[in-house]
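In case you want the letters, here they are:
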Amino acid sequence: MNTAYLLLGSNEGDRLAWLSIAVNKIRNYGTVKSTSAIYSTAAWGIEDQPDFLNVAVCLDTVLPPLALLDTMLSIETALGRERTIKWGQRILDIDILFYNNEVVSEPTLSVPHPYIQQRRFALTPMNDIAPTLQHPILHKTIAQLLFDCEDQLPANKTNMQLIKDLNMP
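Reading guide: rules and limits
- Residues numbered from 1 in each chain as written.
- Predicted model: local features only at pLDDT ≥ 70, side-chain atom pairs only at ≥ 80, totals over all residues.
- Heavy atoms only, no water.
- Buried < 20%, exposed > 50% of the residue type's maximum accessible area, 1.4 Å probe, protein only.
- Helix = DSSP H or I, 4+ residues; strand = E, 2+ residues; numbered from the N terminus.
- Pairing = 2+ DSSP bridges.
- Core = buried A, V, L, I, M, F, W, Y, C linked by side-chain atoms within 4.5 Å.
- Contact = heavy atoms within 4.5 Å.
- Expected span 1.5 Å × (residues − 1).
- Polar contact = N/O pair within 3.5 Å; in protein donor to acceptor, adjacent residues only side chain to side chain.

1. Some points on the pairing of strand E5 (residues 93-99)
- By the criterion of burial, E5 is predominantly enclosed, with seven of the seven residues buried.
- Relative to E5, strand E1 (residues 2-10) runs antiparallel, the two sharing six bridges. Its bridge partner being in E5, Leu8 is matched across the sheet by Ile94.

And the structure:
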């Protein structure tokens, strides 16, 4: 069994519903061991767009890294994700942040996520579920990376919860 840490984000439409549907679909590919609180986060990269809702997910799965990527991309596509502008608005984004303690360097996948140490919106929810997880390249824990993170964009915990029994498209 492999342990993957994912970050899900949405800033279009019913953001909570998109995250809930995605987590329910992810359950088809392993065991969701934990989810973070849901955070409202300012857009990163292109800041002039609606805030995101983000949630981190710990998934135990038999899928190898590239198959996991293909599966997450298929979930995004099935829910209507269209890739038009890098870092632009989106219904759903699913990033693989960590996969076991492995370093994956493929043309279509880099794990650990190459920008995680620069992104408060990713580190904050990850800190909820894996504060002692060590980055296999930087050799710092998630808690240390969050403490050192220079990104000052807000990442605020909401009182929202994932919807368990949502009708899925």
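2. Digging into the nonpolar core
- Grouped together as the largest cluster of nonpolar side chains are 30 residues, with contacts concentrated most on Leu6, Leu8, Ile26, Leu68, Ile75, Leu92 and Ile94.
- At the level of elements, E1, helix H1 (15-26), strand E4 (52-61), helix H2 (65-78), E5 and strand E7 (109-111) are the ones that each hand at least two residues to this core.
- If one sorts the elements of this core by residue count, H1 sits on top with seven residues.
- In this structure Leu8 touches Leu19, Ala22, Val23, Ile26, Leu53, Asn54, Val55, Val57, Asp93 and Ile94, once residues within four positions along its chain are discounted.
- Counting 18 residues, the second-largest nonpolar core is a separate cluster that includes Tyr5, Met126, Ala130 and Cys149.

3. What about H1?
- A rise of 1.5 Å per residue sets the reference length of H1, with its 12 residues, at 16 Å; its end C-alpha atoms lie 17 Å apart and thus fit the reference within 8%.
- Along H1, 11 of the 12 residues are buried, which leaves the element largely enclosed by surrounding structure.
- Buried residues of H1: Leu16, Ala17, Trp18, Leu19, Ser20, Ile21, Ala22, Val23, Asn24, Lys25 and Ile26, and no others.

4. Regarding the environment of Ala143
- Relative to the helices and strands, Ala143 is located in helix H4 (residues 142-148).
- Along the backbone, Ala143 and Thr124 are 19 residues apart, and their C-alpha atoms lie at a distance of 8.6 Å.
- With residues up to four places along the chain from it excluded, the contact list for Ala143 reads Asn127 and Pro131.

5. Things to note about unusual backbone geometry
- Cis geometry is found at the peptide bond from Val111 to Pro112, where omega equals 0°.
- Positionally, Pro112 belongs in the loop between E7 and helix H3 (120-129).
- For Asn100, which is not glycine, the phi dihedral falls at a positive 50°.
- Assignment of secondary structure puts Asn100 in the loop between E5 and strand E6 (104-106).

6. Structural notes on the side chain of His135
- Among the secondary structure elements, His135 is positioned in the loop between H3 and H4.
- On the basis of relative accessibility, which here comes to 4%, the residue His135 falls in the buried class.
- Here Leu138 takes part through its backbone nitrogen, which lies 3.0 Å from a polar atom of the side chain of His135.
- Look past the residues within four positions of His135 in its chain and what remains in contact with it is Phe98, Pro112, Ile116, Gln117, Lys140 and Leu145.

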